[in-house]
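# Secondary and tertiary structure notes
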Amino acid sequence: MIRKLFSFKGGVHPPQFKDISTTQPIRPATLAQQLVLPLHQHIGESATPIVEVGDYVLRGQKIARAQGYVSAAVHASSSGTIVAIEERPIPHPSGLSATCIVIDTDGKDRWIEHGPAETSYTEMDVSQLRNIIRSSGIVGLGGAGFPSYIKLNSTGAIIDTLILNGVECEPYISCDDMLMRERPEQIIAGAKIMRHALHAKQVLIAVEDNKPKAHAALVDACRNEDIEVILVPTLYPQGGEKQLIKVLTGKEVPSNGLPVQVGIVVQNVATAAAVHNAINLGKPLTSRIVTISGEGVAEPCNLEVPFGTPMRHLLDQCGGLRNDVNRIIMGGPMMGFAMHSTEIPVIKTTNAILAATQANVAPPSDIMPCIRCGACADVCPVELLPQQLQWFARAKEFDRAQEYNLFDCIECGCCSYVCPSNIPLVHYYRYAKTEIWAQEREKEKADHARQRHEFRLSRIEREKSEKAARLAMKKAAAQGASSNKQAAIQAAMARAKARKNSPGSEPKNTDNLTEAQQQQIKSTDDMRAKAQQIAESRRAQAQQMMAGKQAKDEKE
Amino acid sequence: MLRVAYALIPGMLIYSWLFGWGVIINVLLATVAALATEALMLRLRQRPIRMYLTDGSALVTALLLGLAIPPLAPWWMVLIGTAFAIIFAKHLYGGLGFNPFNPAMIGYVMLLISFPREMTSWPAPLSLSEIQLNLGESLTYVFAGILPADVRLDALTMATPLDVLRTELGLNKVMEKITASPIFGAMGGTGWEWINIAFLGGGLWLMYKKIISWHVPTAMLGSLALISLAFYFIDPTAYTSPLFHLLSGGAILGAFFIATDPVSGATTPKGRVWFGIGVGVLTYIIRAWGGYPDAVAFSVLLMNMAAPTIDHYTRPRVFGHGGK
């Protein structure tokens, strides 16, 4: 059956230079004395070390576990002793350092005990498969390094097609090419496991037509399988996930969306082989095939490299560097980035190490102003307007850049490749993206600070008002207390007055008195009257005396 | 840019074969003036001189302007026009890549407005004139304004076909009578048609080499042809044929060499089509009803102004953003 292929807009045909590294078969790299394993070799959270300095580890032993959902475990890539867990330079465009586990190898390269699972993958539960893939540290080996087990979780979506990406569209790189040529059965085996995990209806393997040998090997290996190997016309950047999906199925993955949304999962061929090794052989991911190439390398080839091997160690195995080497690039010439040192280790996403000579790298002085010729827009596979974006990035008009869909840019480098003025357009986009991220972080921080500040203000306000309320209450209570007293006094006085005025203010117990009581009262009254009489007579005597005394005094 | 210059050569040769040495003198004068001014400006702006001088942009400006100025124009006119184009239209805006207007057309329009008489008197083409100045005579006339003793100025120059058409139509003459004049050839103006065909050849070569895209030339010539065809059908006595419009004046030169200037034009594919249509329609409008006989320069400049807006409204759909 001949499948109808589709096409995406744009794309370029850079010279391939793949043949220079495919003359020899894949050979294992010699073991380096020291392996430096970064905890962060993938997209997502860094792994957490589970070993300590001084521990002896075997190859395949887990030395750092995945931390969180989007993360991947790290395994010792050879036997030896952990000598350090510290910051070391890692492959990063900015030359950053990050925590690495350093192993001094003992040269024995002893594996941890491993073997195929007791049950066949077909009997295994999907979650069991995913768990093994997760704990084997498998990430996308095409270059992005996204943890593979996540992509094998269709979360309820119906997966129509599993695509294995053997396009390898970047010049120079041939690691997937060689893998497909030499180990097609591993790829097929991995594909079958992933199909099982995803319940995918069909499996397609895409290979560009500049790799006829790889295509032939896969076709040969698929003879008895329900897997279709498709030869696609060579066009950079066809290896981009969304571009490949468009070519094979005509479907467009929405901006910001995932292939799962259109019922497709794409995995790299090398990832498939790694899945096979993990499930069928019980071997975690400890090495990968790396292309060592470029005009600056004497004997370009493909090596099977344990992770953590310093790049210099590999370059030395390929005849060393020529004198006019201008820079060492990790990845392809289109999307790779320059290493600031050759001591940097190979990680899971290192598909190639290229040594570029002076002649390969355009000096920055050749950069001319943009003449808005639009050649970049013609080749952009995402149909952006690269030169407009470049103007916005230069002018720091980041809002406009986002309005022109800066974040849809896949940084494939087609625009820079065709630019007649040699403008490094992608650098401008990376710059703008980083700035926007920084601004967003800054804004988040500012928002956070503002919220905190506002909270503080409101707290102070609240405390103030609470204090005021408390005070007011106290005062009110105090006032209330004094007025209560007066009121009580007044009330008492009023009661007394009322009692005085009221006709019934006689003692109440005057009625129904007994004889004896009446006698008693009478006698008491008599006595009171007598006493009154006495008192009055005495008062009168005293008055007379006083009056006589006064008269006497006046006389004198 | 250098290939743009190569593509101009056939048209330039035929032009000078038909109209004499004046064409070559113009082009050379403009080139010298442009390169000198460019170097001066680069020096003043402290930019690397060699790199920018060899990019060919000043050369192309000079060639276009030299071709647009009437042959045998006084030397100082060419110099002023070119220097104005390079200094004001290009470097004061920031140099290569930053100029909103086509520098050659700014130079041309400045001269046309400042020296209307000189800028509209063209030598008669070879087949219509007994007199053809030789190199020495041409140089003497350009630099000193002195004609050979036996040549009178009015015998040497004549109005261009587009100019004649405008004047005669203004006098209410019928098209048939006007075009019967020997100044009108089989397809366009006598002589002009061949020059334009040579430019067309150069332009098609540029397109074939993918130096220019098909959008602007096709849209401009297409819209010019369609609109002139429409009016030709309505009243052939008052409006000339589409072929005449395409092969007269600067239509072809403008379509392939001037309106395609990427710096001052629209850059999105759809935008380029609209830009071309705009230039074509404006050219017809100014030619048919405007105050100037030819209109490519004005149309291009007017559309230059609209280019950013056109770009804004013709952004292509981005991959994965709705639609099909």
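Calculation notes
Residues numbered from 1 in each chain as written. Chains lettered and ligands numbered in written order. Predicted model: local features only at pLDDT ≥ 70, side-chain atom pairs only at ≥ 80, totals over all residues. Domains from an automatic or database assignment. Contact = placed C-beta atoms within 7 Å. Helix = DSSP H or I, 4+ residues; strand = E, 2+ residues; numbered from the N terminus. Nonpolar A, V, L, I, M, F, W, Y, C, P; charged D, E, K, R; others polar. Buried ≥ 20, exposed ≤ 12 C-beta atoms within 10 Å, placed from the backbone. Core = buried A, V, L, I, M, F, W, Y, C linked by C-beta atoms within 7 Å.

## Quick look at the domain arrangement of chain B
Residues and elements named next belong to chain B. Split into domains, chain B comes out as domain 1 (1–158) and domain 2 (160–314). Computed over C-alpha atoms, the centres of domain 1 and domain 2 are 21 Å apart. With 28 residues of domain 1 at the interface, the matching set in domain 2 holds 30 residues. Going through the elements one at a time, α1 (2–19), α4 (57–68) and α6 (103–114) are the ones with two or more residues in the side of domain 1 that touches domain 2. No other element matches α1, which puts nine residues into the side of domain 1 that touches domain 2. Broken down by class, the residue content of the side of domain 1 that touches domain 2 amounts to 21 nonpolar, six polar and one charged.

## Here's the deal with the domain arrangement of chain A
Residue and element names in this part refer to chain A. When its domains are assigned, chain A resolves into domain 1 (19–360) and domain 2 (367–469). With seven residues of domain 1 in contact, the opposing surface of domain 2 contributes eight residues. Split by residue class, the side of domain 1 that touches domain 2 holds four nonpolar, three polar and no charged.

## Points about the interface of chain B and chain A
Every contact between the two is made by 16 residues of chain B and, on the other side, 22 residues of chain A. Partitioned by chemical class, the residues of the side of chain B that touches chain A number seven nonpolar, six polar and three charged.

## Regarding the environment of Lys62(A)
All names here are of chain A. Take Lys-62: it is sitting in strand β5 (residues 62–65). The exposure class of Lys-62 is partly exposed, given the 19 C-beta atoms found within 10 Å. Separated by 73 residues in the primary sequence, Lys-62 and Ser-135 have C-alpha atoms spaced 8.3 Å apart. Other than its neighbours up to four places away in sequence, Lys-62 contacts Ile-50, Ala-73, His-75 and Ser-135.

## Things to note about the nonpolar core
Ile163(A), Val290(A), Leu314(A), Ile353(A) and Met105(B) are the most contacted members of the largest nonpolar core, which has 226 residues in total. Residues within four places of Ile163(A) in sequence aside, it is in contact with Leu204(A), Ala206(A), Leu244(A), Ile245(A), Leu248(A), Ile264(A) and Val266(A).

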